[in-house]
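# Survey of secondary and tertiary structure
Here is how the chains run, residue by residue.
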Amino acid sequence: MSDSKYFQTTKKGEIHELKEELLSQREDKKKEAVKKVIAAMTVGKDVSMLFTHVLNCMQTHNLELKKLVYLYVMNYAKNHPDRAILAVNTFQKDASDPNPLIRALAVRTMGCIRVDNITEHLCEPLRFCLKDQDPYVRKTAAVCVAKLYDVNPELVESQGFLAILNDMLGDSNPMVVANAVAALTEIDEVSKHEIFRINQNNLNKLLAALQATTEWGQIFILNALCKYNPESSQEAESVCERVTPRLQHANSAVVLSSIKVLMKYMNSIHNNDVVRALCKKMAPPLVTLLSKEPEIQFLGLRNINLIVQKRPEVLQYEMKVFFCKYNDPIYVKMEKLEIMIMLANEKNIEEVLLEFKEYATEVDVEFVRKAVRAIGRCAIKIDRASEKCIQVLLDLITTKVNYVVQEAIIVIKDIFRKYPNKYEGVIATLCANLESLDEPEAKASMIWIIGEYAERIDNAHELLNSFLEGFKDENSQVQLQLLTSIVKLFLKRPKDAQQMVQTVLNLSTQESDNPDLRDRGFVYWRLLATNFEAAKAIVLSEKPLITDSTSHLEDSLLNELINNISTLASVYHKPPETFVTKLKGLKRGGLRGVRDEDEDEEPEYVDDDNNNISNTMSPQNSQQGYGQQQQQQPQGPQKTGSLIDLDLSDLNFGSPVNNNQMTGGYGQPQQQQQQSPNDLSFLGGGGGRGGPSTPPKVNKVLVYGKEPNHQNIVISGAFTRFNGRISLELNLLNTSQISMQKFKIQFYQNYFGITPADPILSCGSLEPNQQTDISIPINTTGASSPQMNPVIDMCIMVLPSQERFYFKITFPFNCLLTENGPLDKESYLSMWKSIPELNERSRDIPVRVQFNPDSILKSLASKNIFEIVRKRVGNQEEISFLSCKTENSIYILLELTFNYQTNICRCVSKTTSPDIMALFEHTLEFLINNPY
Amino acid sequence: MISALFLMNSKGEVLISRIYRDDISRGVANAFRLEVIGSKETRSPVKLIGSTSFMYIKVGSIYLVGVSRQNVNACMVFEVLHQLVELFKSYFDNLDEDSIRNNFVLVYELLDEILDFGYPQNCSTDVLKLYITQGQGKLKSLDKLKQEKISKITIQATGTTPWRTPDIKYKKNELYIDVIESVNLLMSAEGNVLRADVSGQVMMKCHLSGMPECKFGMNDKILMDKERAGGQARTTRRGNGIEIDDITFHQCVKLTKFDTDRTISFIPPDGEFELMRYRTTEHINLPFKVIPIVREMGRTRLECSVTVKSNFSSKMFGTNVKVLIPTPKNTAVCKIVVAAGKAKYMPEQDAIVWRIKRFPGDTEFTLRAEVELMASVNLDKKTWSRPPISMEFQVTMFTASGFHVTFLKVIEKSNYTPIKWVRYLTKNGNYQMRI
């Protein structure tokens, strides 16, 4: 009994043959034919042209055949809305068939056909089925209401289906109740009105059904219970009482959903004994999750993370169950480690440290690093354990395993920040490992330690000097740290470092492209030149102690996530509206603002103040800067616009001139930066209802196969950028007689180094007349040849086995622009000044679309050209300053002047590599005139 | 809710797709292939690409992928996926590319029934086999069933005991209980028990007629204490109660009843099923103790001596005992001496594998080995990570937790007395000793 034979019909004329078979009088022949059709559909072949023929087989009493036809109709009705209407008759007939299975099947399938003229015909059968005497039909009809609501909410509301659903909560059959609950919950989430309200009346119905329905039904009901806010402590207690037996269910989702209900209702219970008892009851089922399948363990752990933050007492004695097993999957180990840190306390720390030490010798590098970091975090968290932690770290350093040593140094720096002047004894050991450091973060940490304790390290100047030699090749993190540490050394031991400080200031201010480094260099320079003592007070001031808040979510977020236990939100640790596009909650999202956009799932360790506070002047000073900015702000756009007139060129080295100008524009740029990722996520969200799949639709252009000598293959394609990744979307159609396989792709060497990430295409073989869509990730790290003219046309070839096809595709320049293009005002300014006048270009772009700078700029922002500030000049002109950054880190600075009278947009631009500008202007003109 | 389910092979080619909601298209499978299968760095079973979430498990060479664009109950999705695997296995024995192709019509039909608009409806084999009969030639096609019979099916499928039909008849009423315990152990190199726990399973095979009400009893400490306090102490009951940390039950067990008076009562499904799972951590009798000594003698030699001691009555014995002693990757030769069983160096596992078919109770055996290492060519400073020694075994009629069944009552209208069988088996879970 093998169905695989249905897949093996690839000969020519098969469609015709299928048509014949579908017309056959014999039921078994028809069934065979439909199976072949479904098989073709399964492998992605387009068999929609058989629609009418398959439809003809619908009127049958053979349930198996009927199911197959329904499956087909579901898949292709959308392509043939006009013909799908032909199915309505049969659907309606089936919906009143004596066999309940067929009635249910008809309603279920009809609901899946999202064609307007069909939905209208669905209403009558649906109304009958909702009141059907058979529970199986009723439970199917309940879900069908949710389907219909998704297509046409007005229709559902006007037909009164929602009232019927609410009545169904009192149905005698628990599964019907559960499905009605599921449908109502979902509709309520997207509806403008409240259509599902749990009150004392239906609460009891739900609780009764909870005991009797299937495992899935229990989940729906438990989820719905979370919507209810108990009116009294007693009520909350009694709900919890009814829910706790569910903790013994074999289905983990039932268990986690019950825990969600308990966590929520516990907030309303005043009796502390009851709360304590509930907490005690929750612990064992949570631990049991850890003996389930690894994926469930992972989910359990992500949720335990939240529960422990909210109610640490639940699992406080359960440390041992979180010890990692050697063969746990890595994602389970990482989560266990996180929870071990959370549960670590003075009593269990020794045991825990032994475990961490053990993990630090394992194979997986990332896990080992996290284990080392965990030791550091415990040291910071538990004062009395710090000494033991340091000892373990020193033990690990003696293993000489490169990445262990580096990670250990990074965490020891943090420990120094928490316990200053306590463990300098270990510095000698650290210094002995200098040469093994090759990671920027470890280097920077080591340099920070040397600078901080310069007075106690005799050869501090030699050590720093050794780093200084390779200054230019270092990562900016290291450069910044080196600059600071040398200044510190100079302040502490002026004689030893005079030469070095001169060198490093020169390197930072004169030979670096990095504005941060330059700015910091200038600040130090002026500071040192003006007042040595003041510099000392500022740079060597006492730093605030750090705490470990890595694993702590903000209260409001935590509470929201607790209400979402077991869902994806609890896995991502992000509120639902950040990753779900279709929610009425999106409006609520406005209140929450942009806070979570750049929040990483695993926030980095708290040490970033290490770079800021220790180096940026003193807190008072920077506050002044902010205050000043706030005063300037209200003066309106004219003032902000004039920042371009600020002249930085007279700020000659060594002579600090006007500090006020320096601190000119803090504040606003930050706002800008926050907004832009927000915009991006909006664009990246894809269409909501019925929209395309994840990436936006790409308009592929026919590139090969249009000329007579082109044979065998038709290729269309286009480049696109989505979520920070460039890809080439290709569509291949095999027009030859033979099957093609082993596709490879190659690009000609080009100016931007654009190459496919993987030259081998993952599309398998392409049968004659088959077509396929491929998305090819693109790198910009290929060999680039700067001599070549930057061109927009990419020459590409595709090689299936032996043959080669050459073609050209236009590469839209904006695909090269990265998401981190926005600059703040000062950087923009200083960059503008630093680029020679020679590179300035200007060009007038006639605007042929509606002349609306707002929408044009918004459209540009979506293409990663970001506005920094805008000002109005007179009545007729608006000037906007923009920046963008290419994949190879070239900044392009723009000044667009929109003239309302002439409908012309004048573009003045500057960049360090002017040879790309012609191309850029061309693209800009296109983008302006083709918004979105 | 779940927007789509994909079954893919290890290359990421879609074998079967079933799209439940309009918010995604078949094309998202491509994103999954590129971002998850194609990328080696994926380290989580949940992946968010754009605003589409992928939840997946891998069984053999098959990926089962649930896709959603909502804030779906992720745990539920994984439960569905895992139950789906069980379901497929019960319909066509093993789950691989061929079996899916061979049964694609059936798979479609099942997928249609299991989820409706992405809401799980029923994954239970007992129920589905009532009306999804594809590929099971023996069963009568539904078309020929009488109308009342179909209504019976639908009522049962949605009712409170969907797992059992009322008209089951056996000539001989029999009941088999298997208590299977897996012992998990993590021992430090110094011989301290870092953690030890037992996860037990009570498997049942019922050949019972009618709608029997069963009550199951075990030596649960809480229950026994309760009975004692209630003055019902029966001196005849042997042994002490054991402390059970947590129990989960098959859906047939009345949880509310268990919550109120800790009685386990249920109407069982027909045939085999898992009645309950439990977990204990207190007073565990470890069936085997391992004393390992592994010494690295310089850079090219390793000496180890591993002693295994059985810790149960001499009347019993362990079977299929296997000890896995890891060796470094650059092992050249192993000289092994064992007192019992056979031991061999297995280069593909980087370990010495020591097998003892029959291990009597209360005895100890030792393995001694000298391992010669190839002088490592590359100056890799990384030392050998010393993975733990692991062990496999089975001991029958022994429970590490001390669990035993105290009674099983069957009450049925026709008042028959079934024949009952109970077996106990303890085997290894994650049984590891660090060295």
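Residues numbered from 1 in each chain as written. Chains lettered and ligands numbered in written order. Predicted model: local features only at pLDDT ≥ 70, side-chain atom pairs only at ≥ 80, totals over all residues. Heavy atoms only, no water.

## Let's talk about the overall build of chain B
Condition: Runs of H or I in DSSP of at least four residues are treated as helices and runs of E of at least two as strands, each being numbered from the N terminus. Each residue gets one of three labels from its accessible area relative to the maximum for its type: buried under 20%, exposed over 50%, partly exposed in between, using a 1.4 Å probe on protein chains only. The criterion used for residue contact is that any of the two residues' heavy atoms lie within 4.5 Å. Each accessible area value is a Shrake-Rupley result obtained with a 1.4 Å probe; residue values ignore everything except the protein chains displayed when judging cover. In summary, the charge assignment counts Lys and Arg as positive and Asp and Glu as negative, without counting His or the chain termini. Charge coordinates come from a single atom per side chain, which is NZ of Lys, CZ of Arg, CG of Asp or CD of Glu.
From N to C terminus, chain B includes eight helices and 23 strands. For chain B, the spread of C-alpha atoms along the three principal axes comes to 80 × 65 × 40 Å. When each of the 435 residues of chain B is scored for burial, the buried share is 56%. Sequence-distant contacts in chain B: of pairs separated by 6 or more residues, those separated by 24 or more amount to 69%. As displayed, chain B has an accessible area near 19100 Å², and 50% of this comes from carbon and sulfur atoms. Each charge sign in chain B was given a centre, from 61 positive and 48 negative side chains, and these centres are 4 Å apart.

## Points about the interface of chain A and chain B
So the rule is basically this: Throughout, the accessible surface (probe 1.4 Å) given up by two parts as they are put together, summed over both, is called the buried area. Salt bridge, as used here: a side-chain nitrogen of Lys or Arg that lies within 4 Å of a carboxyl oxygen of Asp or Glu. Each residue is assigned to one of three groups, with Ala, Val, Leu, Ile, Met, Phe, Trp, Tyr, Cys and Pro labelled nonpolar, Asp, Glu, Lys and Arg labelled charged, and all others, Gly among them, labelled polar.
Taken together, the 118 residues of chain A in the interface contact 94 residues of chain B. Counting each side, the surface lost to burial between chain A and chain B is near 9500 Å², with a carbon and sulfur contribution of 54%. The interface formed by chain A and chain B holds nine salt bridges in total. Taking the shortest distance from any N to any O, the salt bridge between Arg21 of chain B and Glu186 of chain A comes out at 2.5 Å. Here the side of chain A that touches chain B gets eight residues from one element, more than from any other, and that element is helix 8 (residues 135-151) of chain A. Looking at the side of chain A that touches chain B residue by residue, the class counts come to 55 nonpolar, 35 polar and 28 charged.

## Some remarks on the packing of aromatic side chains
Our working definition: Aromatic contacts are taken between Phe, Tyr and Trp rings whose centres are within 6.5 Å, Trp giving its six-membered ring; a plane angle under 30 degrees counts as stacked, one over 60 as edge-to-face, and the others as tilted. Remark: a charge is flagged as sitting over a ring if the NZ atom of Lys or the CZ atom of Arg is within 6 Å of the ring centre and within 35 degrees of the ring normal.
Tallied over the entire structure, the rule returns 29 aromatic pairs over all chains. Taking 4.9 Å as the distance between ring centres and 50° as the angle between the ring planes, the aromatic pair formed by Tyr72 of chain A and Tyr76 of chain A counts as tilted. Separated by four residues within a single helix, Tyr72 of chain A and Tyr76 of chain A lie in helix 4 (residues 63-76), roughly one turn from each other. For the pair shown, Tyr72 of chain A and Tyr76 of chain A are each scored as buried. Put simply, the rings of Phe288, Phe312, Phe359, Phe365, Phe393, Phe398 and Tyr431 of chain B pair up and form one aromatic cluster. Between Lys333 of chain A and the ring centre of Phe367 of chain A, over which it is positioned, the NZ or CZ distance is 5.1 Å. One cation-aromatic arrangement involves Arg358 of chain B over Phe317 of chain B; the distance from NZ or CZ to the ring centre is 3.7 Å.

## Brief notes about the packing of helix 7 (residues 116-130) of chain A against helix 10 (residues 161-168) of chain A
All names here are of chain A. Selection criterion: Inter-axis angles, ranging from 0 to 180 degrees, are taken between N-to-C directions of lines fitted to C-alpha atoms, where helices are fitted over the stretch in contact. Any angle between 65 and 115 degrees counts as roughly perpendicular, while under 35 counts as roughly parallel, over 145 as roughly antiparallel, and the rest as oblique. Should the near helix be turned counterclockwise from the far one by less than a right angle, the crossing is left-handed, whereas a clockwise turn marks it as right-handed.
In contact at an axis separation of 11 Å, helix 7 and helix 10 are set at 15° when each is read in the N-to-C sense. If you check the angle between helix 7 and helix 10, you find them roughly parallel. Considering the relative orientation of helix 7 and helix 10, their crossing is left-handed. Contacts between helix 7 and helix 10 involve Cys123, Leu126, Arg127 and Leu130 on the former and, on the latter, Phe161, Ile164 and Met168. Split by residue class, the contact of helix 7 with helix 10 holds six nonpolar, no polar and one charged.

## Brief notes about the side chain of Arg18 of chain B
Convention followed: Between N or O atoms, a polar contact is any pair within 3.5 Å; within protein, one atom must be a potential hydrogen donor and the other a potential acceptor, and residues adjacent in sequence are included only when both atoms are from side chains.
Locating Arg18 of chain B in the fold gives a position in strand 2 (residues 14-19). Among the polar contacts listed, one links the side chain of Arg18 of chain B to the side chain of Asp112 of chain B, at a separation of 2.6 Å. Among all residues touching Arg18 of chain B, those that are not within four sequence positions of it are Leu71 and Met74 of chain A together with Ser3, Ala4, Leu5, Leu111 and Asp112 of chain B.

## Overview of a positive patch on the surface
Residue and element names in this part refer to chain B. For clarity, the threshold we go by: Think of a patch as exposed residues, more than 30% relative accessible area, with no salt bridge, where like charges cluster within 9 Å and nonpolar side chains (Val, Leu, Ile, Met, Phe, Trp, Tyr) cluster within 5 Å.
A cluster of basic residues, Lys342, Lys344, Arg355 and Lys357, forms a positive patch at the surface. Taken together, the elements giving at least two residues each to the positive patch come down to strand 18 (342-346) and strand 19 (351-360). Note on placement: Arg355 falls in strand 19. Since its relative accessible area comes to 44%, Arg355 is described here as partly exposed.

## Overview of the UniProt feature "domain: Beta-adaptin appendage C-terminal subdomain" (unreviewed entry) in chain A
Let me state the cut-off plainly: UniProt positions are given in the numbering used here, feature names are shortened, and annotations may be inferred rather than shown by experiment.
Under the UniProt annotation, the feature "domain: Beta-adaptin appendage C-terminal subdomain" (unreviewed entry) is placed at residues 817-929 of chain A. Helix makes up 29% of residues 817-929 of chain A and strand makes up 35%, while its end C-alpha atoms are separated by 18 Å.

## Side note on the sheet that holds strand 3 (residues 46-49) of chain B
Residues and elements named next belong to chain B. Convention followed: Strand pairing requires that DSSP identify at least two bridges connecting the strands.
Across the sheet, which stays open at both edges, the five strands sit in the order 2-1-5-4-3 with antiparallel pairing between neighbours. The open sheet has two edge strands, strand 2 and strand 3, and neither has a second partner. The sheet shows a mean angle of 20° between the axes of neighbouring strands, taken without regard to direction.

## Quick look at the confidence of the model for chain B
Note that predicted coordinates carrying low pLDDT should not be read in detail. Residue and element names in this part refer to chain B. So the rule is basically this: Known as pLDDT, the predictor's confidence for each residue is given on a scale from 0 to 100.
Taken as a whole, chain B shows an average pLDDT of 87; of its residues, 92% reach a score of 70 or greater. Every residue in residues 136-140 is under pLDDT 50, and counting partners more than four places away or in other chains gives five contacts. Of the two predicted TM-score estimates for the complex, the pTM is 0.73 and the ipTM is 0.89.

## Points about the domain arrangement of chain B
The condition that has to hold: The split into domains, and so the bounds of each, comes from an automatic or database assignment of domains.
On domain assignment, one finds that chain B holds domain 1 (4-123), domain 2 (174-284 + 398-433) and domain 3 (288-375 + 384-396). Of note, the centres of domain 1 of chain B and domain 3 of chain B, computed from C-alpha atoms alone, are 41 Å apart.

## Observations regarding the pattern of salt bridges
If the charged atoms of two oppositely charged side chains come close together, the side chains can form a pair. This model, assessed by the stated rule, comprises 70 salt bridges over all chains. Salt-bridge contacts for Asp171 of chain A lead to Arg138 of chain A; the nearest nitrogen and oxygen are separated by 2.9 Å. With a gap of 33 residues between them, Asp171 of chain A in the loop between helix 10 and helix 11 (174-190) and Arg138 of chain A in helix 8 connect regions that are remote in the sequence. Summarising the burial analysis for this pair, Asp171 of chain A and Arg138 of chain A share the class buried. The residue Arg18 of chain B makes a salt bridge to Asp112 of chain B at a minimum N-O spacing of 2.6 Å.

## Quick look at helix 16 (residues 272-289) of chain A
Heads up, the condition is: An expected span of 1.5 Å times one less than the residue number is assigned to each helix.
Between the first and last C-alpha of helix 16 of chain A there are 26 Å, a value that for 18 residues agrees with the 26 Å anticipated at 1.5 Å per step. Residues of helix 16 of chain A that are buried sit in contact with helix 14 (233-243), helix 15 (252-266) and helix 17 (294-310) of chain A together with strand 11 (246-249) and strand 13 (271-280) of chain B. The N-cap of helix 16 of chain A, judged by a side-chain oxygen 2.9 Å from the amide nitrogen of Asp273 of chain A a few residues on, is Asn271 of chain A.

## Side note on the pairing of strand 10 (residues 866-873) of chain A
Residues and elements named next belong to chain A. With seven bridges joining them, strand 10 and strand 11 (residues 877-885) adopt antiparallel strand pairing. Residue Phe866 lies in a different strand from strand 11, and its bridge partner there is Ser883. With antiparallel pairing between neighbouring strands as the criterion, strand 10 and strand 11 make up a hairpin whose turn holds three residues, including Gly874 at a positive phi of roughly 60°.

## Some words on the packing of helix 2 (residues 27-42) of chain A against helix 4 (residues 104-114) of chain B
Where helix 2 of chain A meets helix 4 of chain B, the axes come as close as 10 Å, and the angle between the chain directions of the two elements is 75°. Judged by the inter-axis angle, helix 2 of chain A sits roughly perpendicular to helix 4 of chain B. Residues Lys35, Ile38, Ala39, Met41 and Thr42 of chain A of helix 2 of chain A pack against Phe104, Val105 and Tyr108 of chain B of helix 4 of chain B. Among the residues making up the contact of helix 2 of chain A with helix 4 of chain B, the classes are represented as six nonpolar, one polar and one charged.

## Focus: the side chain of Glu407 of chain A
Residue and element names in this part refer to chain A. Mapped onto the elements, Glu407 comes out in helix 22 (residues 402-418). The exposure class of Glu407 is buried, given its relative accessible area of 3%. At 2.5 Å, the side chain of Glu407 forms a polar contact with the side chain of Arg373. What Glu407 contacts, discounting residues up to four positions off in sequence, is Arg369, Val372 and Arg373.

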